[in-house]
Every structure is written in structure tokens, then in C-alpha cells.
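# Examining the three-dimensional arrangement
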Amino acid sequence: SQTIHQWPATLVQPVGSPLSLECTVEGTSNPNLYWYRQAAGRGLQLLFYSVGIGQISSEVPQNLSASRPQDRQFILSSKKLLLSDSGFYLCAWSVQYAPLHFGNGTRLTVT
Amino acid sequence: EDKVVQSPLSLVVHEGDTVTLNCSYEVTNFRSLLWYKQEKKAPTFLFMLTSSGIEKKSGRLSSILDKKELFSILNITATQTGDSAVYLCMEYGNKLVFGAGTILRVKS
């Protein structure tokens, strides 16, 4: 069966520090991968999605970037965090037009 | 621009009540509409709706889609405290767009 792992679960980082969040999927090949951000228990904002290795689409211009170095690995990064980057980050995977399956998320607090 | 609007934004009911959550959408190249339940962490999948008028049902939860009027509803009957969560509606079109969610609190 397919599983998705996302870490760390929580993270507190100072303003201006770098960020790296990692997500890996097991049990499926060539999944679509997504990074979402959720503010204050509300709706999810799509940040990046990827349909294959090295293929990244950005939905919202911001201080973040994403990479997909391997088929089932998706990384969210920042060179210098801003206070406004605080939030709950969710990774998800799907196969085309099938439901998304989410990781347990990373709660990021930028201080 | 694709848009998904959920109502109400929040709702407080007592155990045993029936609730109806609403989701309207304006999307390009609509494919399907999905409902998720989110408690503490990961949203969990409830229903995927692609055809109008066909009710999907799972226990006390049910959902239906109206592609002519561009909306969907999620019904929960005989609510329990375990139904307390944020319910999210998502559309699969050219984009994957979520609504802002409905916060449901069920009081015992």
C-alpha cells in the first residue's frame, strides 16, 4: 500500500534562516506531488506541484522553492525565512485525477 | 480564475443533529469535486463526485453534486463529537483549488 512521510512535524526557525522540508512517498511510481500551505486551520493554498523528476510548477510567487530530485521525493526550501512563512505545510501525492493523499504536515513557526 | 466557496464558515451543533455543508464552485474544465475531513493534521478523503445527482454515501455521511448549479452538499446525520473537524471541499479542474473550509463543532 502507498504511504507518505513528511518531516519534521514541527519546526521553529529564526527569521533569515534557511528551510528544508522533505516529503517521500512509498508504494507508487511517478506520482504527482504537491506542497500546500494552510493558515490558521483554514483552506489549503497550493504552492508547488510536480508531475515528474525535475518538473516543478509554482502557483504563488513567494520566498519558497521546491525540488524533486527523485521520483518519490519532494523538497520545499527557502534560503531566508520571513515571518510570513509561518504556517502548516502539507505534502500530498496523487495519480492523475485521483484523490490527493496527504502527509501529516509540518507546523513551521518563524520567530 | 477558479474559485471554490464553502458555507457556512463555522457551525456549532449538538450531538444527534443533522448538518448540511455547502460548496459552490466556478472552475475551468471541471473534472470532479472532492470532500475531505481534517481533524488535527492530514486531511482525510471522504468523497469524490463526478456526476450530477448521484449520491455518494458512507455511514452517516453523504454527498451529492449539481453540475448545472455548480454546487455540492455534504450531509452528516446523527452527528457525534467525533465529527468535529474542518471539512474541506476541493475541485479538480485545470487547477486543484480548495475552499476555505467549514469548521464544525459538535457539542455533547
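For the structure itself, look to the data block above.
Bear in mind that the values here come from a model prediction, so they are computed numbers and not experimental data. (Residues numbered from 1 in each chain as written. Chains lettered and ligands numbered in written order. Predicted model: local features only at pLDDT ≥ 70, side-chain atom pairs only at ≥ 80, totals over all residues. Heavy atoms only, no water.)

Turning to the overall build of chain B, a few remarks are in order. When helices and strands are tallied, chain B shows zero helices and eleven strands. Along chain B, from the amino end to the carboxyl end, the secondary structure elements read β-β-β-β-β-β-β-β-β-β-β. In terms of its C-alpha atoms, chain B occupies a principal-axis envelope of roughly 40 × 25 × 20 Å. Relative to its full complement of 108 residues, chain B shows a buried share of 45%. For chain B, the proportion of contacts with a sequence separation of at least 24, taken over those separated by at least 6, is 53%. Only carbon and sulfur atoms are counted for the fraction: they give 49% of the accessible area of chain B, which is about 5300 Å². (Helix = DSSP H or I, 4+ residues; strand = E, 2+ residues; numbered from the N terminus. Buried < 20%, exposed > 50% of the residue type's maximum accessible area, 1.4 Å probe, protein only. Contact = heavy atoms within 4.5 Å. Areas by Shrake-Rupley, 256 points an atom, 1.4 Å probe, with all protein chains shown as cover.)

Attention shifts here to the state of the cysteines. Residue and element names in this part refer to chain A. Scanning the model with the defined rule gives two disulfides over all chains in all. What pairs with Cys23 in a disulfide is Cys91, and their sulfur atoms sit 2.0 Å apart. On the sign convention where negative is left-handed, the bridge of Cys23 and Cys91, at about -75° about the S-S bond, is left-handed. Of this pair, Cys23 sits in strand 3 (residues 19-26) while Cys91 sits in strand 9 (residues 87-94), placing them 68 residues apart in sequence. Across this residue pair, the class does not change: Cys23 and Cys91 are buried. (Disulfide = S-S within 2.5 Å.)

Right, let's talk about the environment of Leu74 of chain B for a bit. Residue and element names in this part refer to chain B. For Leu74, the position within the fold is in strand 8 (residues 71-76). In this structure the C-alpha to C-alpha distance between Leu74 and Ser62, which are twelve residues apart in sequence, comes to 5.8 Å. With sequence-adjacent residues up to four places away left out, Leu74 is seen in contact with Val19, Thr20, Leu21, Trp35, Leu46, Phe47, Ser62, Ser63 and Tyr87.

Moving on, we come to unusual backbone geometry. Cis geometry marks the peptide bond from Trp7 of chain A to Pro8 of chain A, where omega comes out at 0°. Of note, the phi angle at Asn30 of chain A is positive, near 50°, even though the residue is not glycine. Mapped onto the elements of the fold, Asn30 of chain A is located in the loop between strand 3 and strand 4 (32-38). Given the relative accessible area of 46%, Asn30 of chain A is considered partly exposed. Unusually for a residue other than glycine, Asn29 of chain B sits at a positive phi of about 55°. Inspection of the secondary structure assignment puts Asn29 of chain B in the loop between strand 3 (19-26) and strand 4 (32-38).

Further remarks concern the interface of chain A and chain B. The interface is formed by 21 residues belonging to chain A together with 22 residues belonging to chain B. Each partner contributes to the roughly 1700 Å² buried at the junction of chain A and chain B, and carbon and sulfur atoms together form 58% of this total. Counting the contacts that link chain A with chain B gives zero salt bridges. The tally of links from chain A across to chain B stands at six residue pairs in polar contact (both at pLDDT 80 or more). (Buried area = accessible area lost by both parts, 1.4 Å probe. Salt bridge = Lys/Arg side-chain N within 4 Å of Asp/Glu carboxyl O. Polar contact = N/O pair within 3.5 Å; in protein donor to acceptor, adjacent residues only side chain to side chain.)

Everything listed is a geometric property; what it means functionally is a separate question.
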